[in-house]
Structures are given as structure tokens and as C-alpha cells.
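What follows is the residue order along each chain.
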Amino acid sequence: MSGAAAIDRAAGFDAERARADFPILHRPVRGKPLTFLDSAASAQKPQAVIDAVRHCYEAEYANVHRGVYWLSERATEAFEGAREKVRAFLNAADSREIVFVRGATEAINLVASSVGEALLGAGDEVLITHMEHHSNIVPWQMLRDRKGIALKVAPIDEDGALIMEDFRRLIGPRTKLIAVTHVANALGSVVPVAEICRLGRDRGIPVLIDGCQAVPHMAVDVQALGCDFYVFSGHKLYGPTGIGALYGRADMLERLPPYQGGGDMILSVSFEETVYAGLPHKFEAGTPNIAGAVGLGAAIDYLGGLGLDAIAAHESDLMAYGMARLAAVPGLRPIGTAPGKTGVLSFVMEGVHPHDIGTILDGEGIAIRVGHHCAQPVMARFGVPATARASLGLYNRRADIDALIDGLVKVREMFDR
Amino acid sequence: MTDLRELYQEVILDHNRNPRNFGPLDDHNRAAAGHNPLCGDQISVYLIVEDGRVADVHFDGNGCAISMASASLMTEMLKGRTEAEARALFDRFHAMVTGEGEGESEAGLAEDTDDEDAMRLAVLSGVREFPVRVKCATLAWHTFAAALDKTGQTVVTE
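Remember, it's a predicted structure, so these values are computed and weren't measured experimentally. (Residues numbered from 1 in each chain as written. Chains lettered and ligands numbered in written order. Predicted model: local features only at pLDDT ≥ 70, side-chain atom pairs only at ≥ 80, totals over all residues.)

Trainee: I'd like a description of the overall build of chain B, backed by residues and values.
Mentor: Assigned secondary structure in chain B consists of seven helices and four strands. Along the chain direction, N to C, the helices and strands of chain B fall in the order α-α-β-β-β-α-α-α-α-α-β. The proportion of buried residues among the 158 residues of chain B is 42%. Long-range pairs, those at least 24 residues apart, make up 65% of the contacts in chain B between residues at least 6 apart in sequence. (Helix = DSSP H or I, 4+ residues; strand = E, 2+ residues; numbered from the N terminus. Buried ≥ 20, exposed ≤ 12 C-beta atoms within 10 Å, placed from the backbone. Contact = placed C-beta atoms within 7 Å.)

Trainee: Describe the nonpolar core, naming the residues involved and giving the relevant values.
Mentor: Core analysis: the largest hydrophobic core is formed by 163 residues, its most contacted members being A:V294 and B:V45. Composition of this core by domain shows at least three residues from each of domain 1 (3-44 + 307-415) and domain 2 (50-305) of chain A. Of all hydrophobic cores here, the second largest spans seven residues; its members include A:F13, A:A18, A:F22 and A:L394. (Core = buried A, V, L, I, M, F, W, Y, C linked by C-beta atoms within 7 Å. Domains from an automatic or database assignment.)

Trainee: An account of unusual backbone geometry is needed here, citing residue identities and associated values.
Mentor: Between A:L279 and A:P280 the backbone carries a cis peptide bond, its omega angle lying at -5 degrees. Mapped onto the elements, A:P280 comes out in the loop between β12 (274-276) and α11 (290-306). Here the phi dihedral of B:N21 falls at roughly 50 degrees; this positive angle occurs in a residue that is not glycine. The topology assignment puts B:N21 in the loop between α2 (10-17) and β1 (30-36). The partly exposed category is assigned to B:N21, around which 19 C-beta atoms lie within 10 Å. You will see that B:D51, though not glycine, has its phi angle at about 50 degrees, which is positive. In this fold, B:D51 is placed in the loop between β2 (41-50) and β3 (53-62).

Trainee: Which residues make up the pairing of strand β9 (residues 229-233) of chain A, and what values do they have?
Mentor: All names here are of chain A. Burial within β9 is extensive, with five of its five residues counted as buried. The two faces of β9 match: F229, V231 and S233 on one face and Y230 and F232 on the other face are all buried. Here three bridges tie strand β8 (residues 207-210) to β9, and the two strands are oriented parallel to one another. The partner of D210 across the bridge, within β9, is V231. Taken together, the five bridges between β9 and strand β10 (residues 244-248) define a ladder with antiparallel strand orientation. Bridging from a neighbouring strand, Y230 pairs with Y247 of β10. (Pairing = 2+ DSSP bridges.)

Trainee: Can you break down the domain arrangement of chain A residue by residue, with the values?
Mentor: Residues and elements named next belong to chain A. We note that the domain assignment places domain 1 (3-44 + 307-415) and domain 2 (50-305) within chain A. Computed from C-alpha coordinates alone, the two centres of domain 1 and domain 2 are separated by 28 Å. Taken together, the 25 residues of domain 1 in the interface contact 25 residues of domain 2. Residue assignment for the side of domain 1 that touches domain 2 shows that the elements contributing at least two residues are α12 (308-327), β14 (344-349), α14 (376-382) and β17 (387-391). Looking at the side of domain 1 that touches domain 2, its residues break down into eleven nonpolar, nine polar and five charged. (Nonpolar A, V, L, I, M, F, W, Y, C, P; charged D, E, K, R; others polar.)

Trainee: Go over the packing of helix α4 (residues 83-98) of chain B against helix α7 (residues 134-149) of chain B, please, and point to the residues and values.
Mentor: Two numbers describe a pair of packed helices, the interaxial angle and the distance between the axes. Residue and element names in this part refer to chain B. As a packed pair, α4 and α7 sit with axes 11 Å apart at the nearest point and diverge in direction by 160 degrees. Here α4 is positioned roughly antiparallel relative to α7, judged by the angle of their axes. The two elements α4 and α7 cross, and the hand of that crossing is left-handed. Contacts from E83, A86, F90, F93, H94, V97 and T98 of α4 reach α7 at V134, A137, T138, W141, A145 and L148. Tallied by class, residues from the contact of α4 with α7 come to nine nonpolar, three polar and one charged. (Axes fitted to C-alpha atoms, helices over the stretch in contact; angles between N-to-C directions. Parallel < 35°, antiparallel > 145°, perpendicular 65-115°, else oblique. Left-handed = near helix turned anticlockwise from the far one by under 90°.)

Trainee: Report on helix α3 (residues 65-78) of chain B, specifying residues and quantitative values.
Mentor: Residue and element names in this part refer to chain B. A rise of 1.5 Å per residue sets the reference length of α3, with its 14 residues, at 20 Å; its end C-alpha atoms lie 20 Å apart and thus fit the reference within 8%. Burial of α3 is extensive: twelve of the 14 residues sit out of reach of the surface. Downstream of α3 by one or two residues, G80 has phi in the positive range, about 90 degrees. (Expected span 1.5 Å × (residues − 1).)

Trainee: So what's going on with the packing of helix α4 (residues 70-90) of chain A against α11(A)? Residues and values would help.
Mentor: Residues and elements named next belong to chain A. Running from N to C, α4 and α11 point in directions that differ by 45 degrees, and their axes come no closer than 8 Å. One way to sum up the angle between α4 and α11 is to call them oblique. Pair α4 / α11 crosses with left-handed handedness. Here A75, A78, F79, G81, A82, K85, V86 and F89 of α4 lie close against α11, whose contacting residues are I290, A293, V294, L296, G297, I300 and D301. Within the contact of α4 with α11, the residues separate by chemical class into eleven nonpolar, two polar and two charged.

Trainee: Could you give an account of the sheet that holds β9(A), with specific residues and numbers?
Mentor: All names here are of chain A. Pairing in this open sheet of seven strands is mixed, and the strands run β4-β10-β9-β8-β7-β5-β6 from one edge to the other. The open sheet has two edge strands with one neighbour each: β4 (98-101) and β6 (150-154). The sheet shows a mean angle of 20 degrees between the axes of neighbouring strands, direction not considered.

Trainee: With reference to specific residues and values, describe the interface of chain A and chain B.
Mentor: The extent of an interface is frequently quoted as the accessible surface area lost upon association of the parts. Tallying the contact residues gives 14 residues for chain A and 16 residues for chain B. At the level of secondary structure, the elements contributing two or more residues to the side of chain A that touches chain B comprise α13 (354-362), β16 (369-371) and α15 (398-415) of chain A. Among the elements that line the side of chain A that touches chain B, the one with the most residues is α13(A), at four residues. Taken together, the residues that form the side of chain A that touches chain B break down as six nonpolar, six polar and two charged.

Trainee: So what about the environment of B:R92? Which residues, and what values?
Mentor: Here B:R92 is to be found in helix α4. C-alpha separation for the pair B:R92 and B:G61, spaced 31 residues apart in sequence, amounts to 24 Å.

This is the structure in C-alpha cells:
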């Protein structure tokens, strides 16, 4: 075992062993071993997830909630079983509180549409932060244009941390919804969502949390948080694309009108009147992503087997190592230095555009994301057009950070000729 | 790294560091803006067109080395050309970086030493091996064409 691997293992988590579960990590890229550092965009899939999706189609596939026949029963069982896994994963009180969606984007659009319809009127305010992903900005702007609500934005400081004082001040009598990210995708900053939920609860304001960048890195308990909505995408949690979950507290979901109309979300339909189904089916019109849900369930099982706390400790060690090594690269400026940040190392390099960094690293088999990360207001806040972002998954090791640093040295050499 | 050194030739790094004809152009009579949302490249091209000729051309903005160098090189090459010559040069450049120009292989371009345009454009031919970067190289040219055509629309390459 090499020294680096020994250190990886010392964190109480065997990243080398976990890597063996991810077939794609073993394929060469551009003639080099793959160094995958873009899990915040989408995580790679363990064999268990690939097998579960395959098994669904090969052995247990039919439409759900419809057939009286054996296969449909099996498929429905697997699909509803996945819902139960998501419930347990978030520690929701009831699996009826878990709505399957395409991803966090659809979940937020659902809430914007249904909450917008039932609870918001002209002049009411939705409070977000300056570090939201576009998916937690644009749906509210669309609602603003449709219903005349106002969007309030809480500022962040130089480190990329939410300024709680200002956040509290921005909560006013017209604030009718708080929608915040749990972990900022471009910065890694962890938002104090428990405190925000308390603030919301004290004032009777529903709180939505975008958990996309949080759930792969930490255990989340929606009851302990006391949030009204919690959303995440499956593909960032090592699950398939096209599946995600919306948690909504039952009493809240009961109050809301459906998002889309169609099959599977009704009790009865006549041309005069339609009676909607109960939770969660009221929000799941049409045939759902059955295999995707099954795959997501398998991803949750897989993470449960490894232990989220062990993963978090491993990644936290990697983050500290990565930040320290990046700091030693000449001309490099980290973007996002909030204490306790998780998952991402965003940075810019003096005299080199992030896109050029990305291309040169790609030549070394290193995959990072470059650009605005669907968070243009964050880029504007830090006065940069784009950043380079290396992000961590459970399968990353110190060796990946070392490869990144070696690659950045090559970038410097290339541009300093 | 061989391909990368082909892409990031010293001429390109030089134009990136010291862009020519950079900054707004007083008295321009045509202009257009271009945007590459993928990497956030933003560019503006300013022209003085007189008697059907590009009397002067400037650009400003920010972006990756490929987009900045391509814009800088473009301004050097366009000055003094007729509109028709300028468009023909764009077509030629476009064919080269997309690999659509049959017979305009990189070697063919570079070896024909009588063809000074081809020699100068060829420094960006390495982009052909990097499909996602082609729009970085063509952004300035598309923006130039929009200015020439007075479309009034921001050029978006994605």
C-alpha cells in the first residue's frame, strides 16, 4: 500500500475499496488513468445501482399502480420500496411525504407552482440567498412575473458564507416562503439550515431546502431540521439521472394543489369533476421513472452500507488536504473559503481562464468543471466570469488531489512559456 | 501534451496576454456583442466601415485564451479588407477550425507559404481536435459578422 493510500484508510474509510465498486473509474481517459473530480455536477454510479436498474428492466418491469398481474405487483413493490428507502434516508415521518420527481429542478418548480398557487399573492416575498443554483432562482422569478411576488436575496460574505444577521433582517411581514440551499454548489458553503428552519417556524413561514449538494456528504434528518420541503437529485447521490425526491411535510402537501394533471394522480375523473388522489400520488402525474427510483433506492442502500458519517469524515480530510495543497499553488485564488465547507474546491488562477485550465487538465485525464456552475450571481459576487471547480465524491483519494495539483503545475508551465 | 502544445501555441499565448486592437473604438459605426454561455466568454466587436471596407476594427471583453487570441488575430487580419473579403476569410477560418474545409488541412495551410492568410489562421487549427473549444475560437468572428450585418442581436454560441 502506498503512503497516500494508507492515509486515505486512516480516515476510517477505505476509498480504494469503494473505488472498486465504480466500474467507470477504471477506464482510461485520453490514455491516462481517470481522475474524476466532478461529482458535484453528477456522481458516478456504483455497480449496485447499475445492477438494480438492469434487474428492474430484465426481471421486474411493468407499469406501477395499475396491473393486477404479477410483474406489475413486483414493479410496484420495488418502486414503493424505493420511496420507503428515501423516507428512511431523510428520516421523514411517512413515505407519503416523499414525492418522486425528475430531480431537484422539478421539485422546486413543483413547490413554486403549488405554493405559488395556494399561499402566495402579489406583494408577498420569497427569501433566497446569493449563492443559490439557478434552479432555486429562476422558478421564483417566473412566479414573480406571473403573480407579482417579490424576490429577496440575502447576501454572503467574502468567504462565501451566508450573513445571518442580514438574512434575519430580510425576513419581514410579507415573507411567505424561505427557499435556501443546504450546501452551495459553486462554493461548498454550508448554510445553517436548522437555524433558518427555526426562524421560519417561529414566524409561520414555510422553508424549502435544496439539498442537492448536501445529501451526498452528510446525514440529513428532515424532522430534526423541521423544514417544510427538502429536495434533492438522485444523480448527484450516485443514483440514476432523471429521478429525484421532494420531501414535503404531510400537512403542507395536503394544503397544496397538484402540479401537473394526468393519470395516476386521480381517484376519479368525469368531464364535470376530477377527484385527486391522496399523497404522494396527487403530485405524481403520469408514469414515473420506475427504474430510476429503483436505482435511487439502490444508491441509498449502497451509501447506508458505507455509512454517511464515514464518508463525511473521509471527504472532510480530503477537503482539508485539497485546500492546503491548492493554497501552495502560485497565483491560485480559492473562491469559497467558508469554515466547514464541504464537497467543492472552487478556484481561479492568475492569468489563466478556467476554461483553459479545464482543457489542459482534461489532457491529463482529470475531469473538473469549469464555468459559472449555474450560479452566475455567485460569479458576479466574487468578480470572476467563471471558476474552475474540483468536487469530491466518496471514491476520491489524496492521489486525486495530487494529480490535480500536478495538472495545475502543468497549466502554469503551459501559460508561462 | 503534444495536442495541447498544438492548441496553446506561443502565438496564441502572446495574443492572449497582449491582445491587439483591444478596447472600444471611438467613432465606430457598427458594433455587436457576443456571448459564449458555456464558459462565460463575453466579447464586443467595434467596426468602422467606410466605402464597403473595414477601415478599423477593435474588440474588448474577457474569456479564455482561445477566444481572446482568436479575436485579437481577427482584428489584425480584417483591417483594410472589403466586406466581401472579410466574409470570405471568416468562411475559410470556420472551415478550418471545424474541419469542414477539405484540402485545407493544417499542413496544407501552413505549407503554402504564398498564402499568408492561411499561415496566420493556421495557428488556431489545433482547436479542431477539441470540439468543445471550437465555439471559443469562432465567437469573435460570429460577433464580427453580426456587426457587419447590423443584426443588433447578441451572438450566442452554444
